[in-house]
Amino acid sequence: MALPPHTDQPDRTVAPSERTIARNFLLARMGSFLAIFPLGVWTANHLLEPAGGLRGTALLGSSR
């Protein structure tokens, strides 16, 4: 049973081209990267910042 022509559903009777599949895949991967990369940077920053306090003042360049 076919869908009526006035729906917003895509036409699934025609297979998408390889170019369309590749573009959709790359867009999905780029979206994942753009969502996860900033979170990774934020996490690394917030893990390394307190770890810097464990080093003490000897590595901070004090002139004593």
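Note that the structure is predicted; figures quoted are calculated from it, not measured.

K.L.:
Is there a simple way to explain the overall build of the chain in this structure?
P.N.:
Secondary structure assignment for the chain yields one helix and zero strands. Per element, the accessible surface of the chain, about 6,400 Å² overall, is 65% carbon and sulfur.

K.L.:
Looking at this model, I keep getting lost on the packing of aromatic side chains. Mind explaining?
P.N.:
A ring pair, where both rings are aromatic, is described by two values, the distance of the centres and the angle of the planes. For the structure on display, the rule yields one aromatic pair. Between F33 and F37, the aromatic rings sit 5.1 Å apart at their centres with planes inclined by 25°, giving stacked as the arrangement. Residue F33 and its partner F37 are both found in helix α1 (residues 18-52); the two are separated by four residues, about one turn of the helix.

K.L.:
Quick question: what am I supposed to make of a nonpolar patch on the surface here?
P.N.:
Nonpolar side chains collect at one region of the surface, where L27, M30, F33, L34, F37 and V41 lie side by side and expose about 620 Å² of accessible area between them. With respect to the secondary-structure elements, V41 resides in helix α1. Accessibility expressed as a relative area gives 43% for V41, which makes it partly exposed.

The rules we used
Residues numbered from 1 in each chain as written. Predicted model: local features only at pLDDT ≥ 70, side-chain atom pairs only at ≥ 80, totals over all residues. Heavy atoms only, no water. Helix = DSSP H or I, 4+ residues; strand = E, 2+ residues; numbered from the N terminus. Areas by Shrake-Rupley, 256 points an atom, 1.4 Å probe, with all protein chains shown as cover. Phe/Tyr/Trp six-rings, centres within 6.5 Å; stacked < 30°, edge-to-face > 60°. Patch = residues over 30% accessible without salt bridge, like charges linked within 9 Å, V, L, I, M, F, W, Y side chains within 5 Å. Salt bridge = Lys/Arg side-chain N within 4 Å of Asp/Glu carboxyl O. Buried < 20%, exposed > 50% of the residue type's maximum accessible area, 1.4 Å probe, protein only.

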